[in-house]
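Okay, here's what each chain looks like letter by letter:
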Amino acid sequence: MAGLLLGDVSHHGTSQGVSQRYSQEKPEDGSRWYFSRKEIEEFSPSKQDGIDLKKETYLRKSYCTFLQDLGMRLKVPQVTIATAIIFCHRFFLRQSHAKNDRRTIATVCMFLAGKVEETPRPLKDVILISYEIIHKKDPAAIMRIKQKEVYEQHKELILLGERVVLATLGFDLNVHHPYKPLVEAIKKFKVAQNALAQVAWNFVNDGLRTSLCLQFKPHHIAAGAIFLAAKFLKVKLPSDGEKVWWQEFDVTPRQLEGWCLFIQY
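Residues numbered from 1 in each chain as written. Predicted model: local features only at pLDDT ≥ 70, side-chain atom pairs only at ≥ 80, totals over all residues. Heavy atoms only, no water.

## Quick word on the overall build of the protein
(1) Moving on: Helix and strand content of the protein: 13 helices and 2 strands.
(2) Moving on: Expressed as a percentage of contacts within the protein between residues at least 6 apart in sequence, the contacts between residues at least 24 apart total 77%.
(3) Moving on: In the form shown here, the protein has an accessible surface area of approximately 13700 Å², with 53% of it arising from carbon and sulfur atoms. (Helix = DSSP H or I, 4+ residues; strand = E, 2+ residues; numbered from the N terminus. Contact = heavy atoms within 4.5 Å. Areas by Shrake-Rupley, 256 points an atom, 1.4 Å probe, with all protein chains shown as cover.)

## Let's talk about the environment of His176
(1) Moving on: On the secondary structure map, His176 appears in the loop between helix 9 (148-168) and helix 10 (179-187).
(2) Moving on: Separated by 41 residues in sequence, His176 and Lys217 have C-alpha atoms that sit 8.6 Å apart.

## Re the nonpolar core
General note: in soluble globular proteins, nonpolar side chains tend to be found buried as a group.
(1) Moving on: Core analysis: the largest hydrophobic core is formed by 76 residues, its most contacted members being Leu67 and Ile226.
(2) Moving on: For this core, the leading source of residues is helix 5 (residues 78-94), giving 10 residues.
(3) Moving on: Residues within four places of Ile226 in sequence aside, it is in contact with Leu182, Ala185, Ile186, Phe189, Leu196, Ala200, Leu237, Trp245 and Phe249. (Core = buried A, V, L, I, M, F, W, Y, C linked by side-chain atoms within 4.5 Å. Buried < 20%, exposed > 50% of the residue type's maximum accessible area, 1.4 Å probe, protein only.)

## Re the packing of helix 4 (residues 53-74) against helix 7 (residues 123-134)
(1) Moving on: Orientation of helix 4 relative to helix 7, taken along the N-to-C sense of each, is 130°, at an axis distance of 10 Å. When the interaxial angle is binned, helix 4 and helix 7 end up oblique. For the pair helix 4 and helix 7, the sense of crossing is right-handed. Contact residues: Phe66, Asp69, Leu70, Arg73 and Leu74 in helix 4; Asp125, Val126, Ile129, Ser130, Glu132, Ile133 and Ile134 in helix 7.
(2) Moving on: Considering only residue class, the contact of helix 4 with helix 7 consists of 7 nonpolar, 1 polar and 4 charged. (Axes fitted to C-alpha atoms, helices over the stretch in contact; angles between N-to-C directions. Parallel < 35°, antiparallel > 145°, perpendicular 65-115°, else oblique. Left-handed = near helix turned anticlockwise from the far one by under 90°. Nonpolar A, V, L, I, M, F, W, Y, C, P; charged D, E, K, R; others polar.)

## Regarding the packing of aromatic side chains
For any pair of aromatic rings, the description rests on two quantities: the centre-to-centre distance and the angle between the ring planes.
(1) Moving on: Counted by the stated rule, this structure contains 3 aromatic pairs.
(2) Moving on: Seen in terms of ring centroids, Phe91 and Phe92 are 5.0 Å apart; in terms of plane orientation they differ by 85°. Their pairing is edge-to-face.
(3) Moving on: Here the aromatic residues Tyr63, Phe91 and Phe92 are joined through ring pairs into a cluster of three or more. (Phe/Tyr/Trp six-rings, centres within 6.5 Å; stacked < 30°, edge-to-face > 60°.)

## So, the confidence of the model for the protein
(1) Moving on: Here the protein averages 85 in pLDDT, and 84% of its residues register 70 or above.
(2) Moving on: Low confidence marks residues 19-29, where pLDDT is under 50. Its contacts with residues over four positions away, or in another chain, come to 18 contacts. (pLDDT = per-residue confidence, 0-100.)

## Observations regarding the pattern of salt bridges
(1) Moving on: Tallied over the entire structure, the rule returns 7 salt bridges.
(2) Moving on: Across the pair Arg37 and Glu41 runs a salt bridge, and its minimum N-O distance is 2.9 Å. In this pair, Arg37 and Glu41 both sit in helix 2 (residues 37-42), 4 residues apart, roughly one turn of the helix.
(3) Moving on: By relative accessible area, which is 27% here, Arg37 ends up partly exposed.
(4) Moving on: With its nearest N and O atoms 2.7 Å apart, the salt bridge here joins Lys99 to Asp49. Taken together, the positions of Lys99 in the loop between helix 5 and helix 6 (102-116) and Asp49 in the loop between helix 3 (45-48) and helix 4 put the pair 50 residues apart, joining distant regions of the chain. (Salt bridge = Lys/Arg side-chain N within 4 Å of Asp/Glu carboxyl O.)

## Re unusual backbone geometry
(1) Moving on: Even without being glycine, Lys75 reaches a positive phi, approximately 60°.
(2) Moving on: Topologically, Lys75 is positioned in the loop between helix 4 and helix 5.
(3) Moving on: Phi is positive for Phe171, which is not a glycine, with a value near 60°.
(4) Moving on: Within the fold, Phe171 resides in the loop between helix 9 and helix 10.
(5) Moving on: Owing to a relative accessible area of 59%, Phe171 belongs among the exposed residues under this scheme.

## Quick notes on the environment of Thr252
(1) Moving on: Looking at the secondary structure, you find Thr252 in the loop between strand 2 (243-244) and helix 13 (253-264).
(2) Moving on: Of the residues examined, Thr252 reaches a relative accessible area of 38% and is grouped as partly exposed.
(3) Moving on: Remark: the alpha-carbon pair of Thr252 and Ala223, spanning 29 residues in sequence, is separated by 9.9 Å.

## Description of the side chain of Thr107
(1) Moving on: Along the polypeptide, Thr107 turns up in helix 6.
(2) Moving on: On the basis of relative accessibility, which here comes to 0%, the residue Thr107 falls in the buried class.
(3) Moving on: One polar contact links Thr107 to Ser130, side chain to side chain, over a distance of 2.7 Å. (Polar contact = N/O pair within 3.5 Å; in protein donor to acceptor, adjacent residues only side chain to side chain.)

Take a look at the structure:
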């Protein structure tokens, strides 16, 4: 497992644009985790360290793919995987890829997410499977990580990483997902519920690989996923008199269009 490459958690790798607003928000105010696309793309700590948008987008998708694989092998629910991904997104809002190995941070985030979502997995299992995925092209890796000295080194690294991630997130582990409002809304529709729910769920999962959850609140993402799924399936969504379906999500047509343009980008 690559090194953590840690710096000073109090200020290192932090952009003025994003971190200033972060520090001004109250800890209990979830809005501190939402930023404009411009803030995310132009003022990221990674960009300040010379990593361009294309490279940072690749790194983001890379740790999301890693976490999806890790979560599936650990047999945790999709919600736990989603929580780990959001922890990672939030971490790299405040820290640079140039100073932190993405897969080490992702491993820490999966370990944390398991505890937060009450689906914990033993640290040893998380470390062994993570190491195996990272070194999948090395047939000797699985035996190497089982050596006590090698394992203990990586255990120490992950425990150190846990402290860094917690400090970077301001110990705010509160995460809400689009899954629940999505399913609850579709249950009210007199349409092909199972197909609509599955396609919309897939759109939500696709969105996890982007900075979508850093720009839009969960119920807005749920609305956008339903809208896209209905278009994909050619399903007409219901309207009840003067009230149309998307009003239930407190979202405007313009916001829906913005979400859809982003996910299709």
